[in-house]
Amino acid sequence: MKIIFFDTETTGNTGKDYLCQLAIKELGKDEPIINALYKPPVPIPIECTMIHNISNKTVADRPAFQDAPEYSELKELFESEDVLPIAHNAAFDVQMLKNESIIVPRYICTLKVIQALDTAGEFAMYKLQYLRYALDMDIDVPAHDALADVLVLEKLFAYELNRMTSDWHMDEAQALKEMVKISTQPMTFRHLTFGKYKGKTIEEVLIVDRGYLEWLLSQKKQSDVDETDWIHTLEKYLSL
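For clarity, every value in this text was computed on a predicted model and none was experimentally measured.

Enquirer: Help me out: how do you make sense of the overall build of the protein chain in this one?
Expert: Looking only at helices and strands, the protein chain features 10 helices and 5 strands. For the protein chain, whose C-alpha radius of gyration is 19 Å, the value lies close to the compact-globule estimate of 18 Å for 240 residues. For the protein chain, with 240 residues in total, the buried portion stands at 47%. Taking as baseline every contact in the protein chain between residues at least 6 positions apart, the subset at least 24 positions apart corresponds to 55%. Surface summary for the protein chain: the accessible area is close to 12800 Å², and the carbon and sulfur share equals 50%. Of the side-chain charges in the protein chain, 25 are positive and 39 negative, and the distance between the mean point of each set is 5 Å.

Structural data, given as structure tokens:
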């Protein structure tokens, strides 16, 4: 089985957005499989350029992803049953690939795995760049570049695999299987990371302002973005 790490930079985070950069690296290999820019079929909003520094001018002479000569080979790679793709907040990247007519049959989400491992609340948040510094990764790369994020991702996966084999007493094959299982399940958040109760635990907010959580749930259900994890979390707490 081939393990690959991947990351996308995109025009947004909805079902109508597309990738403008894709980086893929195989476990243990020095050189990436691909690290390329593409011209998406929709404009790149300035708000996104502010994050990843990829502008419409940057990709003006690049092919669309599905028109690129490597597209068929990459589609075959992601859709192979012998390949295990790994990404952070994988549902987002998998959706971007789906928007490009690539269906990923299984994957590992390092975001969901670290949340499952962190039963003691060791980490204040689970963003990739936060974990990079919280785990003191010795890696000199910029943030919010697809290949740079892939290099951080590979180190995070190694940490998670070691934690799972040692703390959960699994061999590597069992740990990988459990990671895939965790990645298919909705995640339960513990803290609000936005809004007027930012930083508070959801349990605390439930006690003082249940109505706010009910309102937030209705907003998440109406969102154009995939809010499966937040909907699951809020329904779980509101059922208490």
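Enquirer: How should I be thinking about unusual backbone geometry in this particular structure?
Expert: The general pattern is negative phi for most residues beyond glycine and trans for most peptide bonds. One non-glycine residue, N53, adopts positive backbone phi at about 65°. When its relative accessible area of 64% is taken as the criterion, N53 is described as exposed.

Enquirer: Please explain the state of the cysteines as it appears in this structure.
Expert: By definition, a disulfide is the covalent link that joins the sulfur atoms of two cysteine residues. For the structure shown, the criterion picks out 0 disulfides. Cysteine C20 is unpaired, with the sulfur of C48 as its nearest cysteine sulfur at 7.7 Å. Looking at C20, the relative accessible area reads 0%, which means it is buried.

Enquirer: Looking at this structure, how should I read the packing of aromatic side chains?
Expert: A complete count under the given rule lists 8 aromatic pairs for this structure. The structure contains a cluster of three or more aromatic residues connected by ring pairs, namely Y38, F65 and Y71.

Enquirer: Is there a simple way to explain the packing of helix α9 (residues 210–222) against helix α10 (residues 228–238) in this structure?
Expert: The angle between the axes and the distance between the axes are what describe a pair of packed helices. For the pair α9 and α10, the least separation of the axes is 10 Å and the interaxial angle reads 150°. Taken as axis vectors, α9 and α10 run roughly antiparallel relative to one another. The two elements α9 and α10 meet at a crossing, and its hand is left-handed. Counted together, R210, L213, E214, L216, L217, K220 and K221 of α9 and W230, I231, L234, E235 and L238 of α10 form the full contact between these two elements. Considering only residue class, the contact of α9 with α10 consists of 7 nonpolar, no polar and 5 charged.

Enquirer: Help me out: how do you make sense of the pattern of salt bridges in this one?
Expert: Pairing of side chains with opposite charge becomes possible as their charged atoms draw close. With the rule as written, the count across this model stands at 10 salt bridges. One salt bridge in this structure joins R163 and E122, with 3.6 Å as the shortest N-O distance. Highlighted residues: R163 in helix α6 (residues 146–167) and E122 in the loop between α4 (110–117) and α5 (128–134), separated in sequence by 41 residues. The class of R163 is buried, set by a relative accessible area of 15%. Residues joined in a network through salt bridges with shared partners are E122, R163 and D167.

Enquirer: Even after reading the chapter, I still don't get α10, so can you show me in this structure?
Expert: Each α-helix winds once per 3.6 residues, and so residues spaced three or four apart point in a common direction. Within α10, the full set of buried residues consists of D229, W230, T233, L234, Y237 and L238. Buried residues of α10, seen end-on, are gathered within an arc of 150° and therefore sit on one face of the element.

Enquirer: Looking at this model, I keep getting lost on helix α7 (residues 172–184). Mind explaining?
Expert: Here α7 is 13 residues long and its end C-alpha atoms lie 19 Å apart, about the 18 Å a rise of 1.5 Å per residue gives. Here α7 has its buried residues at A175, L176, M179, V180, I182 and S183. All buried residues of α7 lie within an arc of 160° about the axis, which places them on one face of the element. Exposed side chains of α7 directed beyond 90 degrees from the buried face belong to A173, K177 and T184. Considering only its buried residues, α7 is in contact with β1 (2–10), β4 (83–87), β5 (108–109), α4 and α6. For α7, the capping residue at the N-terminal end is D171, with a side-chain oxygen 3.2 Å from the backbone nitrogen of A173.

Calculation criteria
- Residues numbered from 1 in each chain as written.
- Predicted model: local features only at pLDDT ≥ 70, side-chain atom pairs only at ≥ 80, totals over all residues.
- Heavy atoms only, no water.
- Helix = DSSP H or I, 4+ residues; strand = E, 2+ residues; numbered from the N terminus.
- Rg over C-alpha atoms; globule rule 2.2 N^0.38 Å.
- Buried < 20%, exposed > 50% of the residue type's maximum accessible area, 1.4 Å probe, protein only.
- Contact = heavy atoms within 4.5 Å.
- Areas by Shrake-Rupley, 256 points an atom, 1.4 Å probe, with all protein chains shown as cover.
- Lys, Arg positive; Asp, Glu negative; His and termini not counted.
- Charge placed at Lys NZ, Arg CZ, Asp CG, Glu CD.
- Disulfide = S-S within 2.5 Å.
- Phe/Tyr/Trp six-rings, centres within 6.5 Å; stacked < 30°, edge-to-face > 60°.
- Axes fitted to C-alpha atoms, helices over the stretch in contact; angles between N-to-C directions.
- Parallel < 35°, antiparallel > 145°, perpendicular 65-115°, else oblique.
- Left-handed = near helix turned anticlockwise from the far one by under 90°.
- Nonpolar A, V, L, I, M, F, W, Y, C, P; charged D, E, K, R; others polar.
- Salt bridge = Lys/Arg side-chain N within 4 Å of Asp/Glu carboxyl O.
- Arc of directions from axis to C-beta.
- Expected span 1.5 Å × (residues − 1).
- Polar contact = N/O pair within 3.5 Å; in protein donor to acceptor, adjacent residues only side chain to side chain.

Limitation: the analysis is restricted to geometry and does not speak to function.
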